[in-house]
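Below are the chains, spelled out letter by letter.
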Amino acid sequence: MSELPGAVDRLAEKVRDFVIRDCIPEEAAWRASGEEVSEELRRALMARARDAGVYGLHLPKAFGGAGLDHRGKAKVLEAAGYSMLGPLALHCAAPDEGNQHLLDVVAEGSHREDYLRPLCEGERSCFLMTEPGGAGADPAGMKTLAVRDGGDYVINGRKWFITGALGARFAIIMARDASAGGAPTLFLTPMTTPGINVIRPMEVMAHDSTGGHCLVDLVDVRVPASAVLGEPGQGFRYAQVRLAPARLTHCMRWLGAAQRSHDVARSHAAHRHLFGDLLGHHQGVSFQLADNEMDLYAARAVTAQACAVLDAGSQGRHESSMAKVFVSEAASRVVDRSVQILGGLGVTGMTPVEHIYRSIRAFRIYDGPSEAHRMAIGRRSLPKGDDLLPDLTDF
Ligand SMILES: Cc1cc2nc3c(=O)[nH]c(=O)nc-3n(C[C@H](O)[C@H](O)[C@H](O)COP(=O)(O)OP(=O)(O)OC[C@H]3O[C@@H](n4cnc5c(N)ncnc54)[C@H](O)[C@@H]3O)c2cc1C
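Keep in mind that what you see is a predicted model, and the values were worked out from it rather than measured.

## Re the UniProt feature "domain: Acyl-CoA dehydrogenase/oxidase C-terminal" (unreviewed entry) in the protein chain
- Annotation from UniProt places "domain: Acyl-CoA dehydrogenase/oxidase C-terminal" (unreviewed entry) at residues 233–381.
- Along residues 233–381, the helical share is 74% and the strand share 3%, with 29 Å between the first and last C-alpha atoms.

## Topic: the packing of helix H9 (residues 317–342) against helix H10 (residues 353–360)
- Running from N to C, H9 and H10 point in directions that differ by 145°, and their axes come no closer than 10 Å. By crossing handedness, the relation of H9 to H10 is classed as left-handed. Between H9 and H10, the contacting residues are Ala331, Ser332, Val335, Asp336, Ser338, Val339 and Leu342 on the first element and Val353, Ile356, Tyr357 and Ile360 on the second.
- In terms of residue class, the contact of H9 with H10 is made up of eight nonpolar, two polar and one charged.

## Some remarks on the pattern of salt bridges
- For the structure shown, the criterion picks out 25 salt bridges.
- In this structure, the salt-bridge partner of Arg48 is Glu26, at a minimum N-O distance of 3.0 Å. With a gap of 22 residues between them, Arg48 in helix H2 (residues 39–51) and Glu26 in helix H1 (residues 7–33) connect regions that are remote in the sequence.
- When salt bridges with common partners are traced through the structure, they connect Glu39, Arg42, Arg43, Glu123 and Arg124 into a single cluster.

## Thoughts on H10
- Summarising burial for H10: six of the eight residues are buried, a large majority.
- Listed as buried for H10 are Val353, Glu354, His355, Ile356, Ser359 and Ile360.

## Quick word on unusual backbone geometry
- Pro95 follows Ala94 through a cis peptide bond whose omega is 0°.
- In this structure, Pro95 sits in the loop between helix H4 (86–90) and helix H5 (96–106).
- Phi at Asp220 is positive, roughly 50°, even though this residue is not glycine.
- Within the secondary structure layout, Asp220 lies in strand E7 (residues 213–224).

Cut-off values and rules
- Residue positions within a chain follow its written sequence, with the count starting from 1.
- Side-chain atom pairs in this predicted model are given and counted only at pLDDT of 80 or more, local residue features only at pLDDT of at least 70, and totals for whole chains, interfaces and linings cover all residues.
- Hydrogens are left out, water is left out, and the side-chain values use all remaining heavy atoms of the structure.
- UniProt positions are given in the numbering used here, feature names are shortened, and annotations may be inferred rather than shown by experiment.
- Numbered from the N terminus, helices here are DSSP runs of H or I no shorter than four residues, and strands are runs of E no shorter than two.
- Axis definition: a line fitted to C-alpha atoms, over the contacting stretch in the case of helices. Angles run 0 to 180 degrees between N-to-C directions.
- Less than a right angle of anticlockwise turn of the near helix away from the far helix marks a crossing as left-handed, whereas a clockwise turn marks it as right-handed.
- Contact criterion: two residues are considered in contact whenever any of their non-hydrogen atoms come within 4.5 Å of each other.
- Polar here means any residue other than Ala, Val, Leu, Ile, Met, Phe, Trp, Tyr, Cys and Pro, which are nonpolar, and Asp, Glu, Lys and Arg, which are charged; Gly is therefore polar.
- Salt-bridge detection follows one rule: a side-chain nitrogen of Lys or Arg within 4 Å of a carboxyl oxygen of Asp or Glu.
- Any residue under 20% of the maximum accessible area for its type is buried, any over 50% is exposed, and the rest in between are partly exposed; the area is computed with a 1.4 Å probe on protein chains only.

See the structure below:
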């Protein structure tokens, strides 16, 4: 670990204290509004996080962070995720956290000052990859096209599900690059660039971000060649730089939310009496609590193991895929059981569990649906080349 053992635990404890004191009390009013988290609330929470000394702990040291490795981030981001407002307060929510990491690894020169610095200081960004009828689980289906025109590129296409697009300061646009043989290039550009039209936020099961999940049209968006992030034609490679750690940070935050659901459910089970006994003493409930404990334990271990692989310098595509599938499904089971244990209360807004239940559903779809990850994991598991085994069924 980049921090002394124990130091990360103390940071995580500090974040947990902050989340309980400053974020949880804000939840009820926000949830009751049925709206996105407003920019006003997000900024107020970030200010309180700064005062408490927990803002941006996950950021690179040069930009005010604690210089945590992935295992360190796992503890801090799980603590932040204990409230759905926590990641916004610490500015470690998607998509900004993934974009901060991508820019820290790939951006050079003025891109670091013009884009990465404001992003680390609290501005918002968005990442435009997914398209209606185009790039999705299979990004190779990308239709958005960038064409060279003199010293510029002109980009045309339609993107959707773009988290945070409303009010974002800048966009990272992925487009097929005609001058790179159709391979995708990433472009960094202000959201004020003419032709970037945020059509509308899409209706989703749960509002849990700032700036919506939006439909965005790109109409003759003209950007200079200097807008290219890194090298032209390397979009898929850079997307992997972003996606493997971003899958794990999703796991971390959702572990916090699943733990919260479990805590609400087990507190209920320890107080509610029915059929002559404490709810938690009935075996049917006790077994559900046990399954929650085991799912949380295993999900934490899988996340930590995948983090250790990334910390050792590997890209960790295989491990982050396995963690993403396992944790998204295990955490969803935990939240679902928590609703069941709470009874009717579980489907009301009187506890946070109902909102978490709706919100966590998308985790099994975004950043690659479980099926796409299973396909990749299964393909990699087939022995081939130097690893080809003798046919062990050939007796
Ligand atoms: C809340 C939310 C926020 C998002 N934020 C962003 C964002 O900020 N930026 C961005 O670019 N995108 C974002 N996305 C998009 C997200 O990454 C895509 O929804 C996801 O990659 C799946 O793509 P798709 O929706 O086009 O589904 P499709 O690619 O059409 O897949 C549909 C379904 O097909 C099945 N499937 C896919 N592949 C296989 C396979 N190999 N075998 C069997 N079945 C398969 C899966 O069940 C999958 O759910 C977001 C999505 C959501 C829901």
